[in-house]
Amino acid sequence: MDLLPDSSRSRSDSTSSSASQSSRSKTVLRQRLSQLMTCIEDMSSDDEAGEEVSRTLNEAFELCGRLLPTDAFRLHMVTWNVATAEPPEDVASLLQLNDQPPIDLYVIGLQEVNATPMRFISDLMAEDSWSHLFMDTLGPKGFVKVTSVRMQGLLLLVFAQMMHLPFIRNIQTTYTRTGIFGYWGNKGAVSVRFSFYGHMVCFLNCHLAAHMHNALQRVDEFEYILETQDFDIFDTPRVLDHKVVFWFGDLNFRIEDHGLHFVRSSINGGRLNLLWSKDQLIMMKKKEPFLQEFDEGPLNFKPTYKFDRKADTYDTSGKKRKPAWTDRILWRIKPKNLPSEEDDNDDKKASTSTDNGQEEYPIMVIQNTYTSVMSYGVSDHKPVIGNFTLELKKCFDTQLVHLAPVGEWSADQNALLSYTILEDFMSSTWDWIGLYKVGFKSASDYETFVWVRENELPEVNEVIEKSVDKDEIPLLSGEYVLGYYSTNLNSIVGLSDSFQILESKHAAMEGLVAKDINGIDK
């Protein structure tokens with residue numbers, strides 16, 4: 001999609017991934033409605049005409065139903081080259097925590113996270129400072145880290161509201177090095193893919209080659225990344241096999257031809273549109289067909305590179321680098337084949353044909369916001385955010401596992417839980433059930449856990465009970481949930497309703513429950 005100066009919202013959908021496909025969808029719908037009007041005009045008292053009206057009306061509304069998804073989810077994306085800096089104290093404005101309607105998913109892509117050898121080794125043993133900041137900020141708001149992947153300075157984090165966790169499945173990550181002939185990971189891509197309510201989505205965080213003269217190399221690197229990244233998923237082994245792909249990061253495309261003075265005066269004068277035609281990514285999209293499948297909102301924000309640190313002024317060093325929109329967020333809806341002209345002439349075929357379920361379960365991507373956040377100055381790049389609405393029809397809305405506490409829970413006695421496999425999946429004796437305090441930050445942030453039944457895999461709808469040792473149960477009262485973690489799907493596939501753990505009476509009598517435990521005042 002070409003950038004339009006007067007467009008505040010961008011929209012794509014899996015039933016019309018291009019202008020021509022959208023037109024074809026509308027044509028099919030108009031044909032059904034035209035047939036309906038013809039039937040009404042010719043309607044007589046005989047039953048045959050009445051049945052024709054009913055059939056045509058049902059087909060028209062069935063097509064409308066396939067084109068209009070029923071559920072909407074908010075996705076907030078961030079891309080930021082942090083230039084090895086430590087994180088700021090507050091990222092509330094970056095994450096738009098008070099946005100309405102509320103966010104469902106956060107996807108945060110960082111580039112140039114400090115990756116000196118000693119720092120990188122320490123980050124492997126514990127979460128890096130940026131991950132800690134986002135987890136500490138989003139955890140109290142009900143968001144759980146779904147997964148993360150890091151390759152040297154490239155970091156990708158995914159967070160979701162707790163209620164969505166059982167419907168985020170088949171999580172996999174991978175990475176591709178493109179620095180120093182593909183042997184060094186200072187440049188390249190990290191990606192996360194998963195199924196979201198049955199829809200296959202992929203997020204690709206890239207840091208491509210720098211410098212003005214390397215525009216073609218950047219395109220080649222991106223094409224190489226798409227060709228080489230693979231996942232152990234039979235129906236979506238490649239990035240472009242996914243129904244929706246988000247491509248973002250420090251893509252490093254620059255503004256050609258215009259001199260420094262013209263670029264800066266255009267920015268200061270609010271005439272950003274004068275620079276669009278010389279933006280290298282926009283220019284490359286006109287030449288490269290595979291890039292044309294990616295959509296991007298209008299660049300109605302100032303170029304995000306290169307700034308003096310802790311300032312809103314562009315580079316005043318001796319190099320005086322020309323400003324550029326290096327930091328971008330694009331997306332792609334997997335193209336589909338709509339009915340051919342011959343199919344349009346076959347009423348029955350046109351009304352029932354589907355393309356791998358995309359018509360039955362469509363997904364639409366609507367961009368609500370695409371801008372930079374100028375208030376952050378720790379880096380020479382400004383962060384870019386994109387806020388999206390994902391409209392889709394859920395392929396399923398039932399958890400794979402039902403979990404529940406049995407009776408009251410406290411540290412005064414062993415506790416009991418029950419779980420039931422509701423649908424056959426790749427369960428394993430290595431699966432486990434965690435006890436989580438509401439507000440937990442990740443699947444590994446449990447209070448305690450128990451392994452599922454060891455001797456044999458359960459039957460569907462079989463109720464199984466497991467005991468939890470009282471010594472593993474928290475002494476203080478609080479609100480908790482049980483979560484079933486699948487090692488094969490790499491995700492929590494079942495969550496219980498929240499329940500209260502009672503304060504231990506025995507521990508209180510023995511003086512084991514202090515007024516202040518771990519800084520928490522009773």
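So, a few notes on the structure that sits alongside this text. Source: prediction; values computed, not measured. (Residues numbered from 1 in each chain as written. Predicted model: local features only at pLDDT ≥ 70, side-chain atom pairs only at ≥ 80, totals over all residues. Heavy atoms only, no water.)

Section: the overall build of the protein chain
Phase 1: Within the protein chain, the regular secondary structure consists of 13 helices and 23 strands.
Phase 2: Put simply, the protein chain has 522 residues, and 53% of those count as buried.
Phase 3: Once local pairs closer than 6 in sequence are excluded, the contacts in the protein chain between residues at least 24 apart make up 71%.
Phase 4: Counting only carbon and sulfur atoms, one obtains 51% of the accessible surface of the protein chain, whose full area is about 24100 Å². (Helix = DSSP H or I, 4+ residues; strand = E, 2+ residues; numbered from the N terminus. Buried < 20%, exposed > 50% of the residue type's maximum accessible area, 1.4 Å probe, protein only. Contact = heavy atoms within 4.5 Å. Areas by Shrake-Rupley, 256 points an atom, 1.4 Å probe, with all protein chains shown as cover.)

So, unusual backbone geometry
Phase 1: Following Q100, the chain continues to P101 via a peptide bond in cis, the omega torsion being -5°.
Phase 2: The topology assignment puts P101 in the loop between α3 (92–95) and β3 (105–111).
Phase 3: Y305 connects to K306 through a cis peptide bond whose omega is 0°.
Phase 4: Here the phi dihedral of D257 falls at roughly 65°; this positive angle occurs in a residue that is not glycine.
Phase 5: Mapping D257 onto the fold places it in the loop between β9 (244–250) and α7 (260–268).
Phase 6: Judged by relative accessible area, which is 58%, D257 ranks as exposed.

Here's the deal with the pattern of salt bridges
Phase 1: What the rule picks out here adds up to ten salt bridges.
Phase 2: A salt bridge links D99 to R74, with the nearest nitrogen and oxygen atoms 2.9 Å apart. One end of the pair, D99, is in the loop between α3 and β3; the other, R74, is in strand β2 (residues 71–81), with 25 residues separating them in the sequence.
Phase 3: Judged by its relative accessible area of 11%, R74 falls in the buried class.
Phase 4: A salt bridge links E296 to R328; its shortest N-O distance comes to 2.7 Å. On the criterion of sequence distance, the pair formed by E296 in the loop between α10 (289–292) and β10 (327–333) and R328 in strand β10 is long-range, its members being 32 residues apart.
Phase 5: Exposure remark for E296: the relative accessible area of 1% places this residue in the buried category.
Phase 6: Bridged by salt links that share partners, the residues D279, E296 and R328 form one connected network. (Salt bridge = Lys/Arg side-chain N within 4 Å of Asp/Glu carboxyl O.)

A few points about a negative patch on the surface
Phase 1: Taken together, the side chains of E423, D424, E456 and E459 define an acidic patch exposed on the protein surface.
Phase 2: Within the secondary structure, E459 is located in the loop between β17 (448–451) and β18 (463–468).
Phase 3: On the basis of relative accessible area, E459 is assigned to the exposed category, the value being 56%. (Patch = residues over 30% accessible without salt bridge, like charges linked within 9 Å, V, L, I, M, F, W, Y side chains within 5 Å. Lys, Arg positive; Asp, Glu negative; His and termini not counted. Charge placed at Lys NZ, Arg CZ, Asp CG, Glu CD.)

With respect to the sheet that holds strand β13 (residues 401–406)
Phase 1: What the three strands build is an open sheet, ordered β13-β15-β18; its pairing is antiparallel. Lying at the two open borders of the sheet, with one neighbouring strand each, are β13 and β18. Within this sheet the neighbouring strands show an average axis-to-axis angle of 25°, counted without direction. (Pairing = 2+ DSSP bridges. Axes fitted to C-alpha atoms, helices over the stretch in contact; angles between N-to-C directions.)

A look at the pairing of strand β8 (residues 199–207)
Phase 1: With respect to burial, β8 is a largely interior element, nine of its nine residues being buried.
Phase 2: Alternating residues of β8 divide into H199, V201, F203, N205 and H207 and M200, C202, L204 and C206, and every residue in both groups is buried.
Phase 3: Both β8 and β9 contribute to a ladder of seven bridges, which runs parallel. When the bridges of β9 are listed, C206 appears paired with G249.
Phase 4: Read from β8 through helix α6 (residues 215–228) to β9, the crossover connection turns out right-handed. (Right-handed = clockwise from strand over helix to strand, strands pointing away.)

Re the packing of aromatic side chains
Phase 1: Tallying each qualifying case throughout the model produces 29 aromatic pairs.
Phase 2: Consider the rings of F246 and F388, whose centres lie 5.1 Å apart with planes at 65°: the pair is edge-to-face. Of this pair, F246 sits in strand β9 while F388 sits in strand β12 (residues 384–392); the two residues are 142 residues apart in sequence, bridging distant segments of the chain. The pair F246 / F388 is uniform in exposure class, with both members buried.
Phase 3: Aromatic side chains W430 and W451 sit 5.7 Å apart centroid to centroid with 85° between the ring planes, which places their arrangement in the edge-to-face category. Of the two residues, W430 sits in the loop between β15 (415–421) and β16 (432–437) while W451 sits in strand β17, which places them 21 residues apart along the sequence.
Phase 4: The lysine or arginine in question, R218, covers the ring of F253, its NZ or CZ lying 5.3 Å from the ring centre.
Phase 5: The ring of F307 has K382 lying over it, and the distance from NZ or CZ to the ring centre is 5.0 Å. (Phe/Tyr/Trp six-rings, centres within 6.5 Å; stacked < 30°, edge-to-face > 60°. Lys NZ or Arg CZ within 6 Å of the ring centre and 35° of its normal.)

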